[in-house]
Protein chains: 2
Amino acid sequence: MKIAILPGDGIGPEIIAQAVKVLNVLGESFELETAPVGGAGYAAHGHPLPDGTLALAKAADAVLFGAVGDYQYDTLERALRPEQAILGLRKQLGLFGNLRPAILYPELAGASTLKPEVVSGLDILIVRELTGDIYFGQPRGVRECPDGPFKGQREGYDTMRYAEGEIRRIAHVAFQAAQKRGKRLTSVDKANVLETFQFWKDIVTDVHKEYPDVALDHMYVDNAAMQLVRAPKKFDVIVTGNMFGDILSDCAAMLTGSIGMLPSASLDASNKGLYEPSHGSAPDIAGKGIANPLATILSAAMMLRYTFNKNEQADRIETAVKSVLAQGLRTADIFEPGTTKVGTEEMGNAVVKALA
Amino acid sequence: MKIAILPGDGIGPEIIAQAVKVLNVLGESFELETAPVGGAGYAAHGHPLPDGTLALAKAADAVLFGAVGDYQYDTLERALRPEQAILGLRKQLGLFGNLRPAILYPELAGASTLKPEVVSGLDILIVRELTGDIYFGQPRGVRECPDGPFKGQREGYDTMRYAEGEIRRIAHVAFQAAQKRGKRLTSVDKANVLETFQFWKDIVTDVHKEYPDVALDHMYVDNAAMQLVRAPKKFDVIVTGNMFGDILSDCAAMLTGSIGMLPSASLDASNKGLYEPSHGSAPDIAGKGIANPLATILSAAMMLRYTFNKNEQADRIETAVKSVLAQGLRTADIFEPGTTKVGTEEMGNAVVKALA
Ligand SMILES: [Mg+2]
Ligand SMILES: [Mg+2]
């Protein structure tokens, strides 16, 4: 079980250090190797994704990624900016399946704009296809409108496309994720008006035959947006395309009110994955020892569940996180009166202690 | 000021009757003419949108529409179903601008799943382009994938398209709506990844020159979905395309928790419009005298504001609705302990009285 550790910039190294501590006390034989990425990659080797870092990521079974980006790299040309590292890794590793949980621990329910009874204990997972759909489909551009009432005018256009194999592989990721959770999958489409998503629905329905233990239902995207607001806890796993997933996963994350708590994963067809917190590198608080390491620690838990199939170890970490929250420990970003404010390292140590 | 009154099916006639009462006491010289539509159109003339009804709607300055659909018509072939009436009217009248307010009166804030301080007093307007975008764009279908890693497989595809004139006319509707409200417009796009919406953004920015009194900003659709959950009251008017508008307007409506209260409008380029409640025909409670007429009454207020430019009369109606809610009057759908349950007719009469 080889894991590439890519801390990155800003608070990345601090929060990754806590997740590494957690991995090291699980009693598993992980092989961890660290390499610079993002601004740190540029500083060390002149590129945000240095060759050695990419080679390490390719050789590893999973990548644990901190965060990239810092003020000093903002003026670099686009191809050298820290953010290119994550795009490059996704492309080079073929990571097409984006897993974004929206979890709200009861202790943090106050941070949500929704009523506690609606969101407290929320635990849903959005599986977003990440490399296809209208965000990448060709042809696209601005042209002379070829037909209809606006013929001859300029028009902007894009192409939504999903091929059968592309839908099948993300459906497999989603059904397998559902098997590891509540065994319910909602496929979100707009089959009533889009050919692409009628096709999507047909293929997902076909893949379902291989997963008889998972209950599948289908929902239109506009209704899904409504249901996320009305009764988000009714969902278990949601699978959808790149664009709908972009919208719904951000909406679902915001339901929790504390994005600093949310992990994420990007998987390939054999469950190799890159795991990272949903939040950014927060250069304004870097080095102060106050960053919240929990999203990164929870990303490590996702790695155990989705790449290494170690559900029990993942559960252990998640239970430990719940336990430190129940003890009243809070980093500054989730602090409320009546709780105990702790730093990055104290929080990491508390999770380690709760694992014992 | 000629108004076509199309009550339709289910609770349509009951709720329309209350809105007509309200229109009749405003002291304006409206010419109202009624015709059957939907199932009632089929029953009377063998078609959900009879020729005479369409002619009346075309000759009128505005259409006040109740709701269509009833169990007995569910087995008709698709072209004869009640729902075809609204699609036919939109098409025949060239109604491309859909106005969907999301309003939450403080008295009804308990119905929302969001915390009262986040949504109480919400009053935003979503302007959705209704006849273009990927929901109608050609070409579309299922074909053999012509290129890329899935070449040769079957793929579903659709075309997103917006022509310059199509964007200009919806932008004008939105800027003019903003002028009648808080003078702030947010154009929602995904210009960072879609050519169509970079083009959309450019055209909306250009149209803005004609409306220097309106403040314009731009927001990505995924962020808009987040902000609707995080701080919906920060918006005034949102304008977007057909698909994004479909998702965001339903999400915004659900923020209020009481869809039975929401009016809507569909406008053409000269502000001729069709006005209708957002809710359906509710055949299960038809004829019982318990339906909520307020969304229909508020639709009549929208008609005064957007077609007839009578902002003060629209304000009068909306103030009257606020007043009956403040008096504690509630139809069954919005009833809570401690308020007074009234029927459809009593509610309509109370609004009329509050207007005096
Ligand atoms: Mg997004
Ligand atoms: Mg909709």
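All of these numbers come straight from a predicted model, not from anything done at the bench.

I keep staring at the interface of chain A and chain B and nothing clicks. Help me out?
Listed as interface residues are 55 residues of chain A and, on the opposing side, 55 residues of chain B. Across the chain A/chain B interface, buried area totals approximately 4900 Å², and carbon plus sulfur atoms make up 63% of it. Our enumeration of links across chain A and chain B arrives at 8 salt bridges. Close ionic contact of B:Lys190 with A:Asp246 constitutes a salt bridge, the shortest N to O distance being 2.7 Å. Secondary-structure elements contributing two or more residues to the side of chain A that touches chain B are helix 5 (116-119), strand 6 (141-144), strand 7 (154-163), helix 6 (164-179), helix 7 (195-207), helix 8 (221-230) and helix 9 (242-256) of chain A.

Explain the coordination of the magnesium ion (ligand 2) here, please?
For the magnesium ion (ligand 2), every protein donor is listed as A:Asp222 (OD), B:Asp246 (OD) and B:Asp250 (OD), and the spread of their distances is 2.1 to 2.3 Å. Taken together, the residues A:Asp222 in helix 8 and B:Asp250 in helix 9 (residues 242-256) connect one chain to another. Neither A:Asp222 nor B:Asp250 differs from the other in exposure class; each is buried.

What's the story with the pairing of strand 1 (residues 2-8) of chain A in this structure? I'm lost.
Consecutive residues of a regular strand have side chains that alternate between opposite faces of the sheet. All names here are of chain A. With respect to burial, strand 1 is a largely interior element, 7 of its 7 residues being buried. Every second residue of strand 1 is oriented toward a common face, with Lys-2, Ala-4, Leu-6 and Gly-8 on one face and Ile-3, Ile-5 and Pro-7 on the other, all of them buried. Judged from the 4 bridges that link them, strand 1 and strand 2 (residues 31-34) form a sheet pairing that is parallel. Of the residues in strand 2, the one forming a bridge with Lys-2 is Glu-31. Tracing the backbone out of strand 1, into helix 1 (residues 12-24) and back to the parallel element strand 2 gives a crossover that is right-handed. Taken together, the 5 bridges between strand 1 and strand 3 (residues 62-67) define a ladder with parallel strand orientation. Within strand 3, the residue paired with Leu-6 across the bridge is Phe-65.

What should I look at first to understand the UniProt feature "binding site: Mg(2+)" (unreviewed entry) in chain A in this one?
The UniProt record marks A:Asp222, A:Asp246 and A:Asp250 with the feature "binding site: Mg(2+)" (unreviewed entry), using the residue numbering of this structure. The residue A:Asp246 is located in helix 9 in this model. The residues contacting A:Asp246, other than those within four sequence positions of it, are A:Arg128, A:Tyr135, B:Lys190 and B:Asp222. Take A:Asp250: its relative accessible area is 10%, and that puts it in the buried class. Sequence-distant contacts of A:Asp250, defined by excluding residues within four places in its chain, comprise A:Arg100, B:Asp222 and B:Met226. A polar contact is formed between the side chain of A:Asp250 and the side chain of A:Arg100, at a distance of 3.0 Å.

Even after reading the chapter, I still don't get the packing of helix 10 (residues 294-306) of chain A against helix 11 (residues 311-326) of chain A, so can you show me in this structure?
Working note: a packed helix pair is described by the angle between its axes plus the distance between those axes. All names here are of chain A. Closest axis-to-axis distance for the helix 10/helix 11 pair is 7 Å, and the angle between their directions is 160°. Compared by their axis directions, helix 10 and helix 11 come out roughly antiparallel. Seen along the crossing, helix 10 lies across helix 11 with a hand that is left-handed. Contacts from Leu-294, Ile-297, Leu-298, Ala-301, Leu-304 and Arg-305 of helix 10 reach helix 11 at Asn-311, Gln-313, Ala-314, Asp-315, Ile-317, Glu-318, Val-321 and Leu-325. Partitioned by chemical class, the residues of the contact of helix 10 with helix 11 number 9 nonpolar, 2 polar and 3 charged.

I would appreciate a short explanation of the coordination of the magnesium ion (ligand 1) in the present structure.
Put simply, a metal with four donors set out as a tetrahedron has ideal angles of 109.5 degrees, and one with six donors set out as an octahedron has ideal angles of 90 or 180 degrees. Protein ligation of the magnesium ion (ligand 1) involves A:Asp246 (OD), A:Asp250 (OD) and B:Asp222 (OD), the donor distances falling in the range 2.1 to 2.3 Å. Highlighted residues: A:Asp246 in helix 9 and B:Asp222 in helix 8 (residues 221-230), drawn from two different chains. Looking at A:Asp246, the relative accessible area reads 4%, which means it is buried. Under the relative-accessibility criterion, B:Asp222 is labelled buried at 11%.

I tried to follow the side chain of B:Arg100 on my own but got confused; where do I start?
Residue and element names in this part refer to chain B. By secondary structure assignment, the location of Arg-100 is in strand 4 (residues 97-103). Looking at Arg-100, the relative accessible area reads 14%, which means it is buried. If near-sequence neighbours (up to four positions away) are discounted, Arg-100 is found in contact with Ile-124, Leu-125, Ile-126, Ser-249, Asp-250, Ala-253, Ser-264 and Ser-278.

Please clarify how the sheet that holds strand 8 (residues 184-189) of chain B should be interpreted in this entry.
By way of backbone hydrogen bonds, the strands of a sheet pair with one another, either parallel or antiparallel. Residue and element names in this part refer to chain B. The mixed open sheet is built from 10 strands, whose spatial order is 2-1-3-12-11-4-5-10-8-9. In this open sheet, the two strands that pair with only one neighbour each are strand 2 (31-34) and strand 9 (215-220). Recorded for the sheet is a direction-independent mean angle of 20° between the axes of neighbouring strands. Lying on the sheet, helix 7 (residues 195-208) is in contact with strand 8, strand 9 and strand 10 (237-240); it crosses strand 8 at an angle near 160°.

So what exactly am I meant to see when it comes to the relation of the copies chain A and chain B here?
Each of the two copies of the chain can be brought onto the other by a rotation about an axis and a shift along it. Overlay of chain A on chain B (RMSD 0.1 Å): rotation 180°, translation along the axis 0.0 Å. The relationship between the two copies is best expressed as a two-fold rotation axis. Within chain A, the C-alpha atom positioned nearest to the axis of rotation is that of A:Leu114, 2.0 Å from it. Interface overlap between copies is the fraction of interface residues in one copy that are interface residues in the other; for chain A against chain B it reaches 100%, indicating a shared surface.

Mind showing me how you'd approach the sheet that holds strand 2 of chain A here?
Residue and element names in this part refer to chain A. Read across the open sheet, the 10 strands follow the order 2-1-3-12-11-4-5-10-8-9; overall the sheet is mixed. Lying at the two open borders of the sheet, with one neighbouring strand each, are strand 2 and strand 9 (215-220). Adjacent strand axes in the sheet meet at a mean angle of 20°, parallel and antiparallel pairs treated alike. Here strand 5 (residues 123-129) pairs with strand 10 (residues 237-240) via 4 bridges, running parallel. Bridging across to strand 10, Ile-126 finds its partner in Ile-238. Contacting strand 4 (97-103), strand 5, strand 8 (184-189), strand 9, strand 10 and strand 11 (263-267), helix 6 crosses the sheet at an angle of about 165° to strand 5. Strands in contact with helix 8 are strand 5, strand 8, strand 9 and strand 10; relative to strand 9, the strand with the most contacts, it is inclined by about 105°.

Sorry, what's going on with the packing of aromatic side chains here?
Each pair of aromatic rings is reported with the distance of its centres and the angle of its planes. All names here are of chain B. This model, assessed by the stated rule, comprises 14 aromatic pairs over all chains. Seen in terms of ring centroids, Phe-30 and Phe-308 are 6.0 Å apart; in terms of plane orientation they differ by 45°. Their pairing is tilted. With Phe-30 in the loop between helix 1 (12-24) and strand 2 and Phe-308 in the loop between helix 10 (294-306) and helix 11 (311-326), the pair connects residues that are 278 residues apart, well separated along the chain. The same class applies to Phe-30 and to Phe-308, which are both buried. A ring pair is formed by Tyr-162 and Phe-197, whose centres lie 6.2 Å apart and whose planes are at 85°; its orientation type is edge-to-face. With Tyr-162 in strand 7 (residues 154-163) and Phe-197 in helix 7, this residue pair connects regions lying 35 residues apart in the sequence.

Explain the UniProt feature "binding site: substrate" (unreviewed entry) in chain A to me, please; I cannot follow it from the model alone.
Residue and element names in this part refer to chain A. The feature "binding site: substrate" (unreviewed entry), as annotated in UniProt, sits at Arg-90, Arg-100, Arg-128 and Asp-222 in this numbering. On the basis of their most widely separated C-alpha atoms, the annotated residues across 133 residues do not gather in one place, lying as much as 28.6 Å apart. Residue position: Arg-90 is located in helix 4 (residues 84-93). Judged by its relative accessible area of 24%, Arg-90 is partly exposed. Ignoring anything within four residues of it in the chain, the contact list for Arg-90 reads Leu-95, Leu-130, Ser-266 and Glu-276. Residue position: Arg-128 is located in strand 5. Under the relative-accessibility criterion, Arg-128 is labelled buried at 12%.

Conventions adopted
- Residues numbered from 1 in each chain as written.
- Chains lettered and ligands numbered in written order.
- Predicted model: local features only at pLDDT ≥ 70, side-chain atom pairs only at ≥ 80, totals over all residues.
- Heavy atoms only, no water.
- Contact = heavy atoms within 4.5 Å.
- Buried area = accessible area lost by both parts, 1.4 Å probe.
- Salt bridge = Lys/Arg side-chain N within 4 Å of Asp/Glu carboxyl O.
- Helix = DSSP H or I, 4+ residues; strand = E, 2+ residues; numbered from the N terminus.
- Donors = N, O, S within 2.8 Å, 3.2 Å for Na, K, Ca; no water.
- Buried < 20%, exposed > 50% of the residue type's maximum accessible area, 1.4 Å probe, protein only.
- Pairing = 2+ DSSP bridges.
- Right-handed = clockwise from strand over helix to strand, strands pointing away.
- UniProt positions renumbered as here; feature names shortened; annotations may be inferred.
- Polar contact = N/O pair within 3.5 Å; in protein donor to acceptor, adjacent residues only side chain to side chain.
- Axes fitted to C-alpha atoms, helices over the stretch in contact; angles between N-to-C directions.
- Parallel < 35°, antiparallel > 145°, perpendicular 65-115°, else oblique.
- Left-handed = near helix turned anticlockwise from the far one by under 90°.
- Nonpolar A, V, L, I, M, F, W, Y, C, P; charged D, E, K, R; others polar.
- Least-squares fit on C-alpha atoms with pLDDT ≥ 70 in both.
- Phe/Tyr/Trp six-rings, centres within 6.5 Å; stacked < 30°, edge-to-face > 60°.

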